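# Results of the structural survey
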Amino acid sequence: MTETTNEGRLSGVSNFFAGVGNRWRGLPKWQRGIGFLAFVAFLYYLPLLGVPGLTWLRTDSIEGGNNWAGVLFTCAVYVLIALGLNVVIGLAGLLDLGYVGFFAIGAYAVAIFGSTQSPVVKSLQDKFDLAPEWAITWAICIPIAIALAMISGVILGWPTLRLRGDYLAIVTLGFGEIIRIVIRNSTNWSGGPAGIASIPGPQGAPSADNHIFGLIDAKPWYWLALSIVLLVVFLVRRLENSRVGRSWLAVREDEDAAAVMGVNPFKFKMWAFAIGAALGGLSGFLFASRQGFIEPNQFNANLSILFVAMVVVGGSGNMAGAALGAVLLAYLPERFRDFSEYRFLVFGLALVLVMLLRPQGLLPSKRRARELKDRQEEVAVGA
Amino acid sequence: MNFDELFGHLGQHTVDGLAKGSIYALVALGYTLVYGVLKLINFAHSEVFMIGTFAVLGVWNLLGADGTQGVAMTLLLLAAGLLGGALASGATAVAVERVAYRRLRQLNAPPLIFLITAIGISMVLSETFGIWQGRLVVGMPTLIKQKVAFTIFGTEVTNTQLITIVAALVMMFALDQFINRTRYGRGVRAVAQNPDAAALMGVNKDRVIMLIFLLGGLLAGAAALLYSVRYGNTRFNVGFLLGLKAFTAAVLGGIGNLRGALLGGLLLGVVEVYAATLTQSNWEDVAAFVVLVVVLLFRPTGLLGESLGRARA
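Residues numbered from 1 in each chain as written. Chains lettered and ligands numbered in written order. Predicted model: local features only at pLDDT ≥ 70, side-chain atom pairs only at ≥ 80, totals over all residues. Heavy atoms only, no water.

## Concerning the overall build of chain A
Along the backbone of chain A there are 17 helices and zero strands. Taken along the three principal axes of its C-alpha coordinates, chain A extends 75 × 55 × 40 Å. In chain A, buried positions account for 51% of the 383 residues. Pairs at least 24 residues apart make up 73% of the contacts formed inside chain A by residues separated by at least 6 positions. Summed over all atoms, the accessible surface of chain A reaches about 17400 Å², with 63% contributed by carbon and sulfur. One finds the centroid of the 31 positive side-chain charges in chain A at a distance of 7 Å from the centroid of its 25 negative side-chain charges. (Helix = DSSP H or I, 4+ residues; strand = E, 2+ residues; numbered from the N terminus. Buried < 20%, exposed > 50% of the residue type's maximum accessible area, 1.4 Å probe, protein only. Contact = heavy atoms within 4.5 Å. Areas by Shrake-Rupley, 256 points an atom, 1.4 Å probe, with all protein chains shown as cover. Lys, Arg positive; Asp, Glu negative; His and termini not counted. Charge placed at Lys NZ, Arg CZ, Asp CG, Glu CD.)

Below is the structure:
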């Protein structure tokens, strides 16, 4: 069979990844298991990285570079975001340009309920005569963050998911901005433009006594984030191969056909949206607890587009691809600092080039690559 | 809620909103034209507008505008700014179409891919200007000093408001006539109705698509001039919010419908100014999005209904 035009370009990358992927899938199950375990062990070992020949990877190997474990933590949070957004964009095929909104809701959930300096906690202290150190425990803030993000996802999705796909993009973009403006304007419960400080970690409010989850050593934070990422990978994988995952696939490929076959498109889009939002909230939660301080301008619309770029450049629909995209986009500007001024320019270029030359992304999901190819062949037959 | 201020000077705020809305309407036309024909939200259109403002600034600096010139020079500067802005924006829009969208059309890419490409291009353009021109607000010479042009029913209309509204209305009328009465316009409507049938009837589809991008770009350039006259500054990301609101205006009036873009733009401008007056500008930007969501909920096809193809059916 003759190759279509798209296959020729970037074929080096494509063949390399395809070769590795096929070989990997060809291995016996126990070997894959061992390989996976070794990879996970390596991930846990990463912050201590000292193998000669690999130390150049560390961001503190350059002058003025950031703390290596801190960068790894950021990468892990971005991977978590990419996994969540991948459910929405990659699996269900919905373009969400307001993902930063859910991220902000998660971050503000822990700030508003967990920080002793938040206006909400202060008014609760006054009302119930509590000690000035009282605030809602970090662990309880996790379900609050997830629930709030999920609820806002449902509220946003309810009116918009019935619409055509391209309207969704613009409404979500507006949603991300609305969240930021609401937070900025509501000084009496969100701290307004000044933000909220002293956001708790697993060991409570930030203080010099926190030996494990302190402000200086980021390694435990990274290990925590990595563990959550692995858990989420496992859960999303189960979801992908379930009835829900198949329904997403059907809705993405042909909504009308799916509806005829008894899959309710609205219901499953809503599920994808809610699950994506929950993961966005969770990652915002982690981000805020490590930062200790957040303010509304950290959640601008550029970040949303950066998130979309991670998933799309890496390969939407494939968790490994989305994760790769997230790591690349979080890590490269840290390691190559000279280029960090140009990071959004380079990401924009990457987005355009990937879409034009390799729309399935660097590490594509097999099925998605096939869908794109089918469409190309359709037009070839028509012309 | 500052109701006294709003109702005390209702006429004033309405005129202000109409002037603001005229700029939205001109940019909204670009979205509507492209959407009507290609069913594509051209995210890069906001950057087309942004480049227009920088072109206007460049032309003015080149001609040495400093706000002290006489009437003849002011008119010359306005004309030169219009020409420069429209040409720069038109060229950008056509270039975006040639570089990105044409290839995607050949590949029959799904709509998601078009959207993401458009976002990428938008990012590349605005970042290029952010790096080149700096990230701060760039001031422009004040070409026309604000003056009350005339008073009607106790409402003062300033000269810049008058120019903005009249210029926008004239351009909208010209575009409407062009689409509805000329040979090229017929081609545009034909492709919007049914691209394949139009191609069989001998309409050059690629040329029509280039034409709509050019028209959208020219109007965005004109909007850029009016914006520069009215606000007297620009910035690398000036297109982001304005583009979002212009798109909202297009949806509000019925995307794909030229007269709808005018109606939507003016309405949105007025709503925004009212909201800004009521809340001391805090919730101005939220008002636009709330309008968008409410319209999509109750009338997804907009106020006048969508369809460029049936513009004169």
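Having put the structure on the table, let's press on.
## Quick look at the overall build of chain B
From N to C terminus, chain B includes twelve helices and four strands. Computed over its C-alpha atoms, the radius of gyration of chain B comes to 19 Å, within 12% of the 20 Å expected for a compact globule of 313 residues. Across its three principal directions, the C-alpha atoms of chain B cover 55 × 45 × 35 Å. Split into buried and exposed, the 313 residues of chain B put 58% on the buried side. Put simply, chain B shows about 12900 Å² of open surface, and 65% of that area lies on carbon and sulfur atoms. Side-chain charges in chain B split into 22 positive and 15 negative, and the spacing between the mean points of these groups amounts to 13 Å. (Rg over C-alpha atoms; globule rule 2.2 N^0.38 Å.)

## Considerations on the UniProt feature "transmembrane region" (unreviewed entry) in chain B
All names here are of chain B. Under the feature "transmembrane region" (unreviewed entry), the UniProt entry names residues 23-41, 48-65, 71-100, 112-132, 160-179, 208-229, 235-255 and 286-305. As a span, residues 71-100 carries 100% helix and 0% strand, and end to end its C-alpha atoms are 43 Å apart. With 76% helix and 0% strand, residues 235-255 has end C-alpha atoms that lie 27 Å from one another. (UniProt positions renumbered as here; feature names shortened; annotations may be inferred.)

## Remarks on helix α6 (residues 119-128) of chain A
Three- or four-residue spacings in an α-helix give side chains the same orientation, since the helix completes a turn every 3.6 residues. Residues and elements named next belong to chain A. Along α6, the residues that are buried comprise V120, V121 and Q125. For α6, the angular spread of buried residues about the axis comes to 140 degrees, placing them on one side. Turned more than 90 degrees away from the buried face of α6, the exposed residues are D126 and K127. Buried residues in α6 make contact with α5 (99-114) and α9 (187-190). Note on α6: the residue one or two positions beyond its end, D129, has a positive phi of about 60 degrees. (Arc of directions from axis to C-beta.)

## A short note on the side chain of A:R180
All names here are of chain A. Mapped onto the elements, R180 comes out in helix α8 (residues 165-185). Among the polar contacts listed, one links the side chain of R180 to the side chain of N297, at a separation of 3.5 Å. Apart from residues lying up to four places away in sequence, R180 is in contact with P296, N297, F299 and N300. (Polar contact = N/O pair within 3.5 Å; in protein donor to acceptor, adjacent residues only side chain to side chain.)

## Points about the interface of chain A and chain B
Contact residues are listed per partner, giving 45 residues for chain A and 43 residues for chain B. Here chain A packs against chain B, burying approximately 4000 Å² in sum over the two surfaces, 76% of which is carbon and sulfur. It is A:Y167, A:I170 and A:L356 in chain A that bury the most area against chain B; as a group they hold 16% of the surface buried on that side. The interface formed by chain A and chain B holds zero salt bridges in total. Counting the contacts that link chain A with chain B gives one residue pair in polar contact (both at pLDDT 80 or more). The biggest single contributor to the side of chain A that touches chain B is α8(A), with 13 residues. Tallied by class, the residues present in the side of chain A that touches chain B amount to 28 nonpolar, eight polar and nine charged. (Buried area = accessible area lost by both parts, 1.4 Å probe. Salt bridge = Lys/Arg side-chain N within 4 Å of Asp/Glu carboxyl O. Nonpolar A, V, L, I, M, F, W, Y, C, P; charged D, E, K, R; others polar.)

## Details of helix α12 (residues 284-298) of chain B
Taking 1.5 Å of rise per residue, 15 residues should cover 21 Å, and α12(B) covers 22 Å from first to last C-alpha, within 8% of that figure. Of all the residues in α12(B), the buried ones are B:E284, B:V286, B:A287, B:A288, B:F289, B:V291, B:L292, B:V295 and B:L296. (Expected span 1.5 Å × (residues − 1).)

## Structural notes on a nonpolar patch on the surface
Residue and element names in this part refer to chain B. A contiguous nonpolar patch, built from F150, I152, F153, L162, V166 and V170 and spanning about 590 Å² of accessible area, is present on the exposed surface. Broken down by secondary-structure element, the contributors of at least two residues to the nonpolar patch are β2 (148-152) and α6 (159-181). Sorting elements by how many residues they give to the nonpolar patch places α6 first, with three residues. Within the element layout of this structure, I152 appears in strand β2. (Patch = residues over 30% accessible without salt bridge, like charges linked within 9 Å, V, L, I, M, F, W, Y side chains within 5 Å.)

## So, unusual backbone geometry
At A:D129, a position not held by glycine, the phi torsion is positive, near 60 degrees. Take A:D129: it is sitting in the loop between α6 and α7 (138-160). Judged by relative accessible area, which is 73%, A:D129 ranks as exposed. Although it is not a glycine, B:K39 sits at a positive phi angle of roughly 55 degrees. Within the fold, B:K39 resides in the loop between α2 (10-38) and α3 (45-63).

## Here we look at the environment of B:N108
Mapped onto the elements, B:N108 comes out in the loop between α4 (71-107) and α5 (111-133). Counting along the chain gives 32 residues from B:N108 to B:L76, while the straight-line C-alpha distance between them is 46 Å.

## Structural notes on the packing of α6(B) against helix α11 (residues 258-279) of chain B
All names here are of chain B. One way to put it is that α6 packs onto α11 with a least axis distance of 10 Å and a crossing angle of 165 degrees. As judged from the angle between their axes, α6 and α11 are roughly antiparallel. Note on packing geometry: the crossing formed by α6 with α11 is right-handed. Only L258, R259 and L262 of α11 make contact with α6, whose side of the interface consists of L169, M172, L175, D176, I179 and N180. Per-class residue counts for the contact of α6 with α11 are six nonpolar, one polar and two charged. (Axes fitted to C-alpha atoms, helices over the stretch in contact; angles between N-to-C directions. Parallel < 35°, antiparallel > 145°, perpendicular 65-115°, else oblique. Left-handed = near helix turned anticlockwise from the far one by under 90°.)

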